[in-house]
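# Descriptive structure summary
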Amino acid sequence: IMVLAPWEVISAQDIPDSEIKSVRLHREEWNLSYPIIRLDSDEKLVLHFDLLGESIETYYYSFIHCDKDWNPSRVSESEYIDGFTENQLRDYDMSFNTTVNYVHYSLIFPNDEVAFKLSGNYIIKVYPFGEPDSPVITERFMVSEATADIKASSMRSKLSGYYLSGQQIDFSVNHSSLGLQDPYRTVYSTVLQNGRWDNARKNLKPDFTGNYSLEYNGLSDLNIFPGGSEYRYFDIKSLRYQSEYISSIENLYGYYHVRLRESENRAARQYFYWPDFNGKYYIAHQEGIDPHTDADYVYVYFTLPLNFPLDDDVYIFGELSGWAFNDRNKMHYNHNEQAYELRLLLKQGWYNYMYAIKNESLSESVFNRFEGDHYETENDYIILSYYRDPNERYDRLIGHRIINTLNKR
């Protein structure tokens, strides 16, 4: 993939001939939902993605069952798949009246060809025909038995070191209907903030047990997350007018270029609430009929003024970057402009993002340098409880719960 400096002019040769973009996996009925469905229910997930260019590629898909730590389980495909273990992805359409051509693919599952027999963690793998070891997409999702009753609440951190910045998640797992063996040693819980796995609190053990209940009451900092701030956002559903935070919209050499206003450092600002999507985005096209095929791809320019470059790398972070830190979303320092800059090719829609610095420590926030952390910030939290049966070869996902800090529980 050709990487250009953010200030260079785009020509037709710079658009990639073939690249996967705008990968989204969520529940069928709500495109801002998390990829969790109940076992043996009517709930379905939908996968969307685009292949840039005009060539239609034949893709196949399959599923990998994983343990609680996302390692492949020791069960065969026939044990966790009901139906065909490999299937062709047949639902696709060409883009219509766009400056950047692409093929849009979609898949709804479980479907008539495949369903799931076991609960747990899964990965869907999409790959070209005959190349299962060269996937173009691997996405995580969960299938829950929803048999353990999970109660949860969010609160300001009880520990003084996190009092102004931390959010504490207390929860209990009631397993009275399951007849579990030695639940203290065989039940493992994970907590996610806004669906992120990079800062997940994994394999938590209860602080107390009794009366068929496992209690996680935050006696340590393992249940505490840096609160972050409300996500920055911009709206490119329409290219006919400049919405909030858009500095300019131009069509150069046949392609659209959208420049965002220069961003400010929010780390020292007081908390201020506004509704956001907790880092997610959705595809939309104000003047079209079907956003999946009518929405165009545009170059979006991000600018973060800073008098000097940092020793650490700066990234654009959110679902638009796959919640990852890599070269695609790493910003570049422009000494002439005294600013960090980055250009991303994005599909029209509404986007959330933040400026982040990669940090391997779960107790430190990736947002602290430019965004700040506040205990008041609105966030989603997902609690997942796994049971490792000593007599089985896989981890069951026995329950899940999603809460929001504004609702508290």
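Everything numeric here is computed off the predicted structure, so don't read it as measured data. Every chain's residues receive numbers from 1 upward, in the order its sequence appears when written. Given that this is a predicted model, residues contribute local features only at a pLDDT of at least 70 and side-chain atom pairs are listed and counted only at 80 or more, while totals for whole chains, interfaces and linings are drawn from all residues. Here the side-chain values reflect all heavy atoms present in the structure, with hydrogen atoms and water set aside.

### Quick word on the overall build of the chain
Heads up, the rule is: Secondary structure elements follow DSSP: runs of H or I of four or more residues count as helices, runs of E of two or more count as strands, with numbering from the N terminus. Our radius of gyration looks at C-alpha atoms and nothing else; its globule reference is 2.2 Å times the residue count to the power 0.38. Burial classification: accessible surface area is computed with a 1.4 Å probe over protein chains only, and a residue below 20% of its type maximum counts as buried, one above 50% as exposed, and the rest as partly exposed. Every residue pair with non-hydrogen atoms within 4.5 Å of one another is taken to be in contact. Only the protein chains shown count as cover for residues, and all accessible areas are computed by the Shrake-Rupley method using a 1.4 Å probe. His residues and chain termini do not enter the charge count, which takes Lys and Arg as positive and Asp and Glu as negative. Where a charge lies is defined by one atom per residue type: Lys uses NZ, Arg uses CZ, Asp uses CG and Glu uses CD.
Looking only at helices and strands, the chain has three helices and 29 strands in total. The C-alpha radius of gyration computed for the chain amounts to 22 Å, which stays within 12% of the reference 22 Å derived for 409 residues, consistent with globular compactness. If one aligns the C-alpha atoms of the chain with their principal axes, the spans along those axes are about 65 × 55 × 35 Å. Within the span of the chain, comprising 409 residues, buried residues form 55% of the whole. In the chain, of all internal contacts separated by at least 6 residues, the share reaching a separation of at least 24 is 72%. When the accessible surface of the chain is summed, it comes to about 19,100 Å², and 45% of that surface belongs to carbon and sulfur atoms. Separation of charge centres in the chain, based on 39 positive and 61 negative side chains, amounts to 6 Å.

### Focus: the pairing of strand E3 (residues 45–52)
The side chains of a regular strand alternate, residue by residue, between the two faces of the sheet. Of all the eight residues making up E3, eight are buried; the element is thus mostly covered by neighbouring parts of the structure. Burial along E3 is two-sided: Leu45, Leu47, Phe49 and Leu51 and Val46, His48, Asp50 and Leu52, pointing in opposite directions, are all buried.

### As for the pairing of strand E13 (residues 166–174)
The test is simple: Two strands qualify as a pair provided that DSSP identifies no fewer than 2 bridges between them.
When you tally the buried positions in E13, you get eight out of nine residues, the bulk of the element. Pairing analysis gives eight bridges linking strand E12 (residues 149–156) to E13, with the strands arranged antiparallel. Each residue of the ladder has a partner; that of Ala152, found in E13, is Phe171. The sheet contact formed by E13 and strand E17 (residues 213–216) spans four bridges and is antiparallel.

### Digging into the sheet that holds strand E1 (residues 20–27)
Where we set the bar: Here an axis means a line fitted to C-alpha atoms, over the contact stretch when the element is a helix, while the angle between two N-to-C directions is reported on a 0 to 180 degree scale.
An order of E1-E3-E8-E7 is seen for the four strands of this open sheet, with the pairing classed as antiparallel. Bordering the open sheet on either side are E1 and strand E7 (91–94), each of which pairs with just one other strand. On average, adjacent strands in this sheet sit at an angle of 15 degrees to one another, irrespective of strand direction. Of the strand pairs in this sheet, E1 and E3 are connected by six bridges, and their pairing is antiparallel.

### Notes on the environment of Tyr92
With respect to the element layout, Tyr92 can be found in strand E7. Sequence spacing of Tyr92 and Cys66 is 26 residues, and the spatial spacing of their C-alpha atoms is 28 Å. In this view, Tyr92 contacts Ile56, Val103, His104 and Tyr105; residues no more than four positions away in its chain are not counted.

### A few points about a nonpolar patch on the surface
For clarity, the threshold we go by: Nonpolar side chains (Val, Leu, Ile, Met, Phe, Trp, Tyr) are joined into patches within 5 Å and like charges within 9 Å, using only residues with over 30% relative accessible area and no salt bridge. Within this document, salt bridges are pairs made up of a side-chain nitrogen of Lys or Arg and a carboxyl oxygen of Asp or Glu, the two lying within 4 Å of each other.
Judged by side-chain polarity, Ile56, Tyr92 and Met94 come together as a nonpolar surface patch covering roughly 260 Å² of accessible area. Relative to the helices and strands, Met94 is located in strand E7. According to the relative accessible area criterion, Met94 is partly exposed, its value standing at 35%.

### Topic: the sheet that holds strand E26 (residues 339–347)
The strand order across the open sheet formed by five strands is E20-E21-E23-E26-E25, and the pairing between neighbours is mixed. The sheet is open, and its two edges are formed by strand E20 (246–252) and strand E25 (332–334), each paired on a single side. Recorded for the sheet is a direction-independent mean angle of 30 degrees between the axes of neighbouring strands. Sheet analysis places strand E23 (residues 297–305) next to E26, joined by nine bridges and oriented antiparallel. Paired with Pro305 across the two strands is Ala339, which belongs to E26.

### A short note on the pattern of salt bridges
One pass over the full model with this rule turns up 20 salt bridges. The partner of Asp395 in a salt bridge is Arg388, and the shortest N-O contact between them spans 2.7 Å.

### Considerations on the environment of Leu310
Mapped onto the elements, Leu310 comes out in the loop between E23 and strand E24 (315–317). Residues Leu310 and Ile357 lie 47 residues apart in sequence; the distance between their C-alpha atoms is 10.0 Å. When neighbours within four sequence positions are excluded, Leu310 is seen to be in contact with Tyr340, Ile357, Arg369 and Phe370.

### What about the environment of Gly288?
Locating Gly288 in the fold gives a position in the loop between strand E22 (281–283) and helix H3 (291–294). For Gly288, a relative accessible area of 27% gives the class partly exposed. The spacing of Gly288 and Phe96 is 192 residues in sequence and 9.5 Å in space, taken between C-alpha atoms.

### Section: the packing of aromatic side chains
Applicable threshold: Aromatic contacts are taken between Phe, Tyr and Trp rings whose centres are within 6.5 Å, Trp giving its six-membered ring; a plane angle under 30 degrees counts as stacked, one over 60 as edge-to-face, and the others as tilted. Charges are assigned to positions over rings by a cutoff of 6 Å between ring centre and Lys NZ or Arg CZ, combined with an angular limit of 35 degrees from the ring normal.
Applying the stated criterion to the full structure yields 37 aromatic pairs. Relative to Phe109, the ring of Phe63 has its centre 5.2 Å away and its plane inclined at 50 degrees; by these criteria the two rings are tilted. Linking Phe63 in strand E4 (residues 59–66) with Phe109 in strand E8 (residues 102–109), this pair joins segments that are 46 residues apart in sequence. Note on accessibility: Phe63 and Phe109 belong to one class, buried. Each residue in the set Tyr61, Phe63, Tyr80, Phe109, Phe116, Tyr122 and Phe141 is aromatic and connected to the rest through ring pairs, giving one cluster. For the cation-ring pair, Arg156 lies above Tyr163, with the distance from its terminal atom to the ring centre recorded as 3.5 Å. The cationic tip of Lys205 hangs over the ring face of Tyr188; the distance from NZ or CZ to the ring centre is 4.2 Å.

Functional significance is not addressed by these values, which are geometric in nature.
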